[in-house]
Amino acid sequence: MGENPWQPLLQTFEKLSNCVQTHLSNFIGIQNTTRRSSTTVQNPVISVDSSSSPPIATNSSSSLQKLPLKEKSIGPVTKEDLGRATWTFLHTLAAQYPEKPTRQQKKDVKELMSILSRMYPCRECADHFKEILRSNPAQAGSQEEFSQWLCHVHNTVNRSLGKLVFPCERVDARWGKLECEQKSCDLHGTSMDF
Ligand SMILES: Cc1cc2nc3c(=O)[nH]c(=O)nc-3n(C[C@H](O)[C@H](O)[C@H](O)COP(=O)(O)OP(=O)(O)OC[C@H]3O[C@@H](n4cnc5c(N)ncnc54)[C@H](O)[C@@H]3O)c2cc1C
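Each value, and the rule that gives it
Residues numbered from 1 in each chain as written. Predicted model: local features only at pLDDT ≥ 70, side-chain atom pairs only at ≥ 80, totals over all residues. Heavy atoms only, no water. UniProt positions renumbered as here; feature names shortened; annotations may be inferred. Disulfide = S-S within 2.5 Å. Buried < 20%, exposed > 50% of the residue type's maximum accessible area, 1.4 Å probe, protein only. Salt bridge = Lys/Arg side-chain N within 4 Å of Asp/Glu carboxyl O. Helix = DSSP H or I, 4+ residues; strand = E, 2+ residues; numbered from the N terminus. Near = heavy atom within 4 Å. Polar contact = N/O pair within 3.5 Å; in protein donor to acceptor, adjacent residues only side chain to side chain. Areas by Shrake-Rupley, 256 points an atom, 1.4 Å probe, with all protein chains shown as cover. Axes fitted to C-alpha atoms, helices over the stretch in contact; angles between N-to-C directions. Parallel < 35°, antiparallel > 145°, perpendicular 65-115°, else oblique. Contact = heavy atoms within 4.5 Å. Nonpolar A, V, L, I, M, F, W, Y, C, P; charged D, E, K, R; others polar. pLDDT = per-residue confidence, 0-100.

- If you look the protein up in an unreviewed UniProt entry, it shows as Sulfhydryl oxidase from Camelina sativa.
- For the protein, the Cofactor (unreviewed entry) comment in UniProt is given as "FAD".
- The record in UniProt for the protein states the following under Catalytic activity (unreviewed entry): "2 R'C(R)SH + O2 = R'C(R)S-S(R)CR' + H2O2".

Encoded structure:
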């Protein structure tokens, strides 16, 4: 049998096709990279305080990309990040705590502190906090009592870390209530002790 007369033409076509495919996939790859990085700039994903953390690549189909972003990249949470976030939560809670809390609310504060001292996701901090609570049991008979007690225990942690002590008479200036329309974020207390 003689050689297929179309063979050289088919081989040329195959080479051309491979070449086009390679260029096309390179091109698409570049496009995807470009799109991903421009999304990151225009609509950054998440922010944390730590500027030293390397950025983490995100899957373009991830819903994370739709989250609003501040300016910095995501990375592992440090003990300091966790501490600042937790103090923000606790001081804000104290700022919104009712003047006249219910018995349940007072019990909740004690339980919350107790749970923190067991489950705070930094073992040494949790153990340290447990010790602090032992000599300073939570006091939450009123908004002022709670926020002053919290300021005091925060200062105890500050001292142990060699940080400056915060002037507790200025705690209300530092930590206010959440900005919520028509007090919709306020915790409600009661004048009755039930
Ligand atoms: C329960 C708990 C226990 C911790 N234990 C440890 C530990 O054992 N070891 C460790 O390394 N880290 C610990 N941390 C973390 C540590 O307290 C800090 O959060 C972290 O070191 C970051 O400190 P920072 O200087 O950024 O400010 P932070 O101490 O996080 O304070 C945040 C902000 O609160 C304000 N502030 C400071 N002091 C007071 C105060 N007394 N009252 C009201 N507002 C104040 C300041 O404006 C400050 O910028 C603990 C955190 C918590 C929540």
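## Some words on the state of the cysteines
Thinking step 1. For the structure on display, the rule yields three disulfides.
Thinking step 2. Between Cys122 and Cys125 runs a disulfide, and the two sulfur atoms are separated by 2.1 Å. For the disulfide bridge between Cys122 and Cys125, the dihedral angle about the S-S bond is near 65 degrees, and by the sign convention the bridge is right-handed.
Thinking step 3. By relative accessible area, which is 10% here, Cys122 ends up buried.
Thinking step 4. Two residues, Cys180 and Cys185, share a disulfide whose sulfurs are 1.6 Å apart. Its S-S torsion of about -50 degrees marks the bond between Cys180 and Cys185 as left-handed, since a negative value means left-handed.
Thinking step 5. Take Cys180: its relative accessible area is 27%, and that puts it in the partly exposed class.
Thinking step 6. Each disulfide in the protein links cysteines that, numbered along the sequence, combine into the pattern 1-2, 3-4, 5-6.

## A look at the pattern of salt bridges
Thinking step 1. Enumeration over the complete set of coordinates arrives at four salt bridges.
Thinking step 2. Between Arg84 and Asp81 there is a salt bridge, and its shortest N-O distance comes to 3.4 Å. Highlighted residues: Arg84 and Asp81, both in helix α2 (residues 79–96), separated by three residues, approximately one helical turn.
Thinking step 3. Under the relative-accessibility criterion, Asp81 is labelled buried at 13%.
Thinking step 4. Of the charged contacts in the structure, one is a salt bridge between Asp127 and Arg123, with a shortest N-O distance of 3.0 Å. Of the two residues, Asp127 and Arg123 both sit in helix α4 (residues 123–135), four residues apart, roughly one turn of that helix.

## Looking at the site of the ligand
Thinking step 1. Taken together, 23 residues surround the ligand, and among them Arg84, Trp87, His154, Arg174 and Trp175 come closest.
Thinking step 2. Within the side chain of Trp87, a nitrogen or oxygen atom sits 2.9 Å from an oxygen atom of the ligand.
Thinking step 3. In this structure, a nitrogen atom belonging to the ligand sits 3.0 Å away from a side-chain N or O atom of Asn158.
Thinking step 4. Expressed as a share of its isolated accessible area of 950 Å², the protein-covered part of the ligand is 86%.
Thinking step 5. Elements represented by at least two residues in the shell around the ligand include exactly α2, α4, α5 (143–160) and α6 (171–174).

## Brief notes about the packing of helix α3 (residues 103–119) against α4
Relative placement of two packed helices is described by the angle separating their axes and the distance separating the axes.
Thinking step 1. Close contact between α3 and α4 brings their axes to 7 Å; oriented N to C, the two are set at 140 degrees. As far as their axial angle goes, α4 and α3 are oblique. Side by side, α3 and α4 meet where Met113, Ser114, Leu116, Ser117 and Arg118 of the first sit next to Arg123, Ala126, Phe129, Lys130 and Leu133 of the second.
Thinking step 2. Counted by class, the contact of α3 with α4 contains five nonpolar, two polar and three charged residues.

## Some remarks on the confidence of the model for the protein
Thinking step 1. With 60% of its residues at a pLDDT of 70 or more, the protein shows a mean pLDDT of 76.
Thinking step 2. Considering only residues more than four positions removed or in separate chains, one finds that residues 22–61, a stretch of pLDDT under 50, has 51 contacts.
Thinking step 3. Interface confidence in the predicted complex, given as ipTM, is 0.99; pTM for the same model is 0.71.

## Topic: the UniProt feature "domain: ERV/ALR sulfhydryl oxidase" (unreviewed entry) in the protein
Thinking step 1. With numbering aligned to this structure, UniProt lists the feature "domain: ERV/ALR sulfhydryl oxidase" (unreviewed entry) at residues 75–175.
Thinking step 2. The distance separating the terminal C-alpha atoms of residues 75–175 is 27 Å; by composition the span is 69% helix and 0% strand.

## Focus on the side chain of Asn155
Thinking step 1. Examined against the element boundaries, Asn155 turns out to sit in helix α5.
Thinking step 2. Side-chain polar atoms of Asn155 contact the backbone nitrogen of Phe166, separated by 2.7 Å.
Thinking step 3. Apart from residues lying up to four places away in sequence, Asn155 is in contact with Val165, Phe166 and Cys168.

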